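Examining the three-dimensional arrangement
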Amino acid sequence: MNRFINDVKKYRNYTIYAAKSELKSEVANSHLSWMWWILDPLLFMVVYSFVALIVFDKGEPYLPVFIFIGYNSWNFFSACLRQSVKLVIGNSSIVSKVYIPKFVLIFVKIISNGFKMMIAFSLVVLMMIGYRVPVDWKVLLLLPLFVILLVVTFAFSTILLHFGVYVEDLANVVAVVLKLLFYLTGIFYSIRNRVPYPYSSLLLKCNPMALLVDSMRRVLIYQTLPEWGPLCVWFIVGLALSVWGVRNIYRHENSYVKVM
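Reading the values: the criteria
- Residue positions are given per chain, counting from 1 as you read along its sequence in written order.
- Owing to the predicted nature of the model, reporting of local features is limited to residues with pLDDT of at least 70; listing and counting of side-chain atom pairs is limited to 80 or more, with chain, interface and lining totals taken over all residues.
- As a convention, hydrogens and water are excluded, and side-chain values are obtained from all of the structure's heavy atoms.
- To form a nonpolar core, buried Ala, Val, Leu, Ile, Met, Phe, Trp, Tyr and Cys residues must be joined to one another through side-chain atoms within 4.5 Å.
- Type-normalised accessible area, obtained with a 1.4 Å probe on protein chains alone, sets the label of each residue: buried when under 20%, exposed when over 50%, and partly exposed for intermediate values.
- Residue contacts follow a heavy-atom distance rule, with two residues in contact if any of their heavy atoms lie within 4.5 Å.
- Under the DSSP-based scheme used, a helix requires at least four consecutive residues in state H or I and a strand at least two consecutive residues in state E, with every element numbered from the N terminus.
- Pairs of N or O atoms are called polar contacts if they sit within 3.5 Å, as long as, within protein, a hydrogen donor faces a hydrogen acceptor (for residues adjacent in sequence, only side-chain-to-side-chain pairs).
- In what follows, salt bridge is the name for a side-chain nitrogen of Lys or Arg lying within 4 Å of a carboxyl oxygen of Asp or Glu.

**Things to note about the nonpolar core**
The biggest cluster of nonpolar side chains holds 71 residues, and the ones touching the most others in it are F103 and L149. Dropping the residues within four chain positions of it, F103 is found in contact with F4, D7, V8, F154, V246, I249 and Y250.

**Structural notes on the side chain of S200**
Topologically, S200 is positioned in helix α11 (residues 199–206). Relative accessible area serves as the criterion here: at 7%, S200 is assigned to the buried category. Setting aside residues up to four positions removed in sequence, S200 forms contacts with I191, R192 and V195.

**Comments concerning the side chain of K102**
Here K102 shows up in the loop between α6 (92–95) and α7 (103–130). A polar contact of 3.1 Å, which involves the side chain of K102, links it to the backbone oxygen of I100. Residues within four places of K102 in sequence aside, it is in contact with V95, L161, I249, E253 and Y256.

**Remarks on the pattern of salt bridges**
According to the stated counting rule, one finds seven salt bridges in the structure shown. Across the pair K138 and D136 runs a salt bridge, and its minimum N-O distance is 3.1 Å. Residue K138 is classed as buried on the basis of its relative accessible area of 13%. For D136, a relative accessible area of 24% gives the class partly exposed. The structure contains a network of salt bridges with shared partners spanning R3, D7, K102 and E253.

**Structural notes on unusual backbone geometry**
Of the consecutive residues Y197 and P198, the connecting peptide bond is found in the cis state with omega at 10°. Assignment of secondary structure puts P198 in the loop between α10 (191–194) and α11. Phi at R132 takes a positive value of approximately 55°, unusual for a residue other than glycine. Within the secondary structure, R132 sits in the loop between α7 and α8 (142–166). Exposure remark for R132: the relative accessible area of 73% places this residue in the exposed category. You will see that Q223, though not glycine, has its phi angle at about 55°, which is positive. Looking at where Q223 falls in the secondary structure, it is placed in the loop between α12 (208–220) and α13 (228–259).

Encoded structure:
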């Protein structure tokens, strides 16, 4: 753990610089620049609102806000996991010449994707004002929910980074699993209202993203407290997996170059 903390401090400037460079490169050849970070989830929100209201003839209160919160959070999680699989191989020109703790590459992705998520979440504030969503002190609970999201995302990313070096088709498997999880996370529907009990309770407890998305909606839209029990369990699981994942990376990172 001391080595991990020291490496985080030692490479923090590189992490920030690499994240900034990645964000700049994404919009370098785009006329709309960073506006795409808002337009992408906004367009998906319109599509899913159409599906929920027109196709299924079912909706939730403040549906656009409801969907935007879910999709924006999911987009961050799924992007980090998909990118983690090929992180070492995709940065082979760097890791083969200069030593960098490989989990630092995950931090770069979390910072860049997290920045885009925060930009898009600014639109949630405007939408809540436009739809006159009632707000109380519980919106402050969004901060610990973001912390849990970061811990869980980092935990799974460390595992995928390691096995992505050795398993060539892991990216395809992860893509399929994420597609399945997308529909089990309740992005454009409410798991509590649309999935019968006890399956809804089981789904919320077993799927961390479903639980986090539901919790964010509870504090932002419904002014109710999240279920701290399952959230604390996933926070502890995330910490445990993070410790195991970082140690596993330290143990095997010298062999990554040989495999590549």
